[in-house]
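What follows is each chain in one-letter form.
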Amino acid sequence: AGKGSKRKPLFLERTKGSEILFGVAPCWLALAQARRALFRLFLKQSSGSGRPLRAEFALQAAARGVPVLHVPGRELDLLSRGRPHQGVCLEAAPLPFKSLRDAEEPLLGDAQSGSRQLLWLVLEHIQDPMNLGALLRSAYFLGVDRVVASHSNSCPLTPIVSKASAGAVEVFDVYGTDDLQGFLKAKSAEGWEVVGTVSKPGDVEDDVPVISCSEFRWDKPLIVVIGSEGEGISLETQLQCQRMLAIPPGRALHPGIDSLNVSVAAGILLHSICSQRQRHGD
């Protein structure tokens, strides 16, 4: 009991508003990029095989002026709330969505120059942090230029999102908007093509054509909109889309397993779209 009481203040005196990142990739990239305020690094006390990695973490933290505390594994379990921390936790400030105002100028210039096919991913009402993290990991890997998320009914950029993204959220800009339909309307007016995604073509507004992702071709700046796993894209957002993309199934599907996980579907769609861009660039 005595030992427990000595350790207790360490975790009660958390910096106000801070959160705990956990896992090697999120903590390492957060330290390396320093895009958020960093308060304390917690490393597992051990003489095992992870010592060289922990030494690298300690050096990186020292370079950033971040205090390092070596604690028993059970303390890390408490900090990460039982989630897989791999012997590393980092107390840091939350990572907010970036403002679209910060992105507008340079990207508009790129789009008008026509030097490269720009691709933005827009996320509407993605509430599951594991799905959001997986979406961001795929978008980063496949070469999406920007991700924009609706503020309302959407998951913030939590430590779970960072872990599920394998730390991609620490290096990849994610923007937020309170007016998704207005944003899409403005981008359409600037010459961008806006396409939505749908799992069941029958759920789409009659005015919006639905095509297979394998048949889709694009030759101007593109925004791909992905909605929540349960509801999909809202009708208001569908009306801002010029086309809707669907992934054709490979067999007749049983009810209840007739759709894909949203992050898996996004990976398939983005790969189809991005590989086409690479072919055009060759």
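If you're wondering where the values come from, they're calculated on a predicted model, not measured in any experiment.

(A) Representation of the pairing of strand β11 (residues 222-226). Extensive coverage of β11 is indicated by the burial of 5 of its 5 residues. On β11, burial covers both faces: L222, V224 and I226 on one face and I223 and V225 on the other are all buried. Judged from the 5 bridges that link them, strand β6 (residues 119-123) and β11 form a sheet pairing that is parallel. Within the sheet, the bridge partner assigned to L121 lies in β11 and is V224. By the bridge criterion, 3 bridges tie strand β9 (residues 193-197) to β11 in an arrangement that is parallel. Residue V195 lies in a different strand from β11, and its bridge partner there is V224.

(B) Seen up close, the packing of aromatic side chains. Taken as a whole and assessed by the stated rule, the structure comprises 4 aromatic pairs. Summarising the aromatic geometry, the rings of W28 and F57 are spaced 5.1 Å apart at their centres and angled 85 degrees between planes, so their arrangement reads as edge-to-face. Of the two residues, W28 sits in helix α2 (residues 24-33) while F57 sits in helix α3 (residues 51-64), which places them 29 residues apart along the sequence. The class for W28 is partly exposed, based on a relative accessible area of 28%. Overall, the relative accessible area of 0% leaves F57 in the buried class. Put simply, the rings of W120, F183 and W192 touch in pairs and so form one group of aromatic residues.

(C) Looking closely at the pairing of strand β2 (residues 38-44). Most of β2 is tucked away: 5 of the 7 residues are buried. Sheet topology places β2 next to strand β4 (residues 88-92); 5 bridges connect them, and they run antiparallel. The residue of β4 that forms the bridge with L41 is L90. Where β2 and strand β3 (residues 68-71) come together, 4 bridges link them in parallel fashion. By the bridge assignment, L41 is partnered in β3 with V68.

(D) Molecular detail of the side chain of Q60. Its place among the elements puts Q60 in helix α3. The residues contacting Q60, other than those within four sequence positions of it, are W28, L31 and A32.

Rules used throughout
Residues numbered from 1 in each chain as written. Predicted model: local features only at pLDDT ≥ 70, side-chain atom pairs only at ≥ 80, totals over all residues. Heavy atoms only, no water. Buried < 20%, exposed > 50% of the residue type's maximum accessible area, 1.4 Å probe, protein only. Helix = DSSP H or I, 4+ residues; strand = E, 2+ residues; numbered from the N terminus. Pairing = 2+ DSSP bridges. Phe/Tyr/Trp six-rings, centres within 6.5 Å; stacked < 30°, edge-to-face > 60°. Contact = heavy atoms within 4.5 Å.

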